[in-house]
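Fold and geometry: a report
Chain residues, written in single-letter form:
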Amino acid sequence: MNKVKDAAAKRFKEIAESKGNPPDLCIRLYIAPGGWCGPRVAAVLDERIGKGDIVVEDNGVKVVYTRSLYELVKNTHVNYMNTFFFKGFQAFSHKYKGG
């Protein structure tokens, strides 16, 4: 089960409201290259949910990923970070801990 932390849900809802609450707005998980640390799970806002996508809803937020990523992202936590070094949605996975 994917878990959406409260900070991520709050920010997602703020963004959704500012965009007029599009019905397919979601957080998409994907595998991003991680340079010297290796691949990592990343999160991005998306408005397209494909036929083969897995959709999980938690804390009022749809989390979406392709079927081929299920084993890699099934226990990923999504949070929203707003720090000096990083601002945005961030995915935390036990499978990919790269940078």
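Use the structure listed above.
Just so it is clear, the model here is predicted, and its values are computed rather than measured.

Right, let's talk about the pairing of strand 7 (residues 87-92) for a bit. Residues in a regular strand point their side chains to alternate faces of the sheet. For strand 6 (residues 77-82) and strand 7, the ladder comprises six bridges, and the chain directions are antiparallel. Across the sheet, Tyr80 pairs through a bridge with Phe89, a residue of strand 7. Here strand 6 hands over to strand 7 after four residues, the two strands then running antiparallel side by side.

Under the criterion given, the structure shown has two aromatic pairs. Taking 5.2 Å as the distance between ring centres and 70 degrees as the angle between the ring planes, the aromatic pair formed by Tyr80 and Phe89 counts as edge-to-face. A residue is classified by how much of its surface remains accessible, and Tyr80, at 16% relative accessible area, is buried. Phe89 sits in the buried class, given a relative accessible area of 10%.

Glancing now at the sheet that holds strand 2 (residues 26-32). The strand order 3-2-5-4 describes an open sheet built from four strands, whose pairing is mixed. Because the sheet does not close on itself, it has two edges, and the strands there are strand 3 (40-46) and strand 4 (53-58). The mean angle between the axes of side-by-side strands here comes to 30 degrees, regardless of whether they run parallel or antiparallel. Relative to strand 5 (residues 61-66), strand 2 runs parallel, the two being bridged by two bridges.

Quick look at the environment of Asp6 now. Summarising the element assignment, Asp6 is placed in helix 1 (residues 6-18). A relative accessible area of 61% places Asp6 in the exposed class. Separated by 53 residues in the primary sequence, Asp6 and Asn59 have C-alpha atoms spaced 7.3 Å apart. In this structure the side chain of Asp6 is engaged in a polar contact, spanning 3.0 Å, whose partner is the side chain of Asn59.

What follows is about helix 1. Over its 13 residues, helix 1 runs 18 Å from end to end, which matches the ideal 18 Å to within 8%, given 1.5 Å per residue. Where helix 1 is concerned, the buried positions are Ala8, Ala9, Phe12, Ile15 and Ala16. Down the axis of helix 1, the buried side of the element spans an arc of 130 degrees, and every buried residue falls inside it. Away from its buried face, by an angle of more than 90 degrees, helix 1 presents the exposed residues Asp6, Lys10, Glu17 and Ser18. Its buried side turned inward, helix 1 meets strand 1 (3-4), strand 2, strand 3, strand 5, strand 6 and strand 7. At the C-terminal side of helix 1, Gly20 shows a positive phi close to 85 degrees.

Reading the values: the criteria
Numbers given to residues run from 1 along each chain, matching the order in which its sequence is written. Reporting in this predicted model follows two pLDDT cut-offs: at least 70 for local features of residues, and 80 or more for side-chain atom pairs to be given and counted; totals over whole chains, interfaces and linings ignore these cut-offs and use all residues. The side-chain figures draw on all heavy atoms in the structure; neither hydrogens nor water molecules are used. Pairing between two strands is assigned when DSSP locates at least 2 bridges connecting them. Only DSSP runs of H or I covering at least 4 residues are called helices, and only runs of E covering at least 2 are called strands; the numbering of each starts at the N terminus. Between 30 and 60 degrees the pair is tilted, below 30 it is stacked and above 60 it is edge-to-face, where a pair is any two Phe, Tyr or Trp rings, Trp via its six-membered ring, whose centres lie within 6.5 Å. When accessible area is computed with a 1.4 Å probe and restricted to protein chains, residues below 20% of their type maximum are described as buried, those above 50% as exposed, and intermediate ones as partly exposed. Every axis corresponds to a line fitted to the C-alpha atoms, with the helix fit spanning only the stretch in contact, and the corresponding angles, defined between N-to-C directions, vary from 0 to 180 degrees. N or O atoms within 3.5 Å of each other form a polar contact, as long as, within protein, one can give a hydrogen and the other can take it, and as long as residues adjacent in sequence are counted only when both atoms are side-chain atoms. The span expected for a helix works out to 1.5 Å for each residue beyond the first. Note that the arc is computed from the directions linking the helix axis to the C-beta atoms. In this analysis, two residues are considered to be in contact whenever any of their non-hydrogen atoms come within 4.5 Å of each other.

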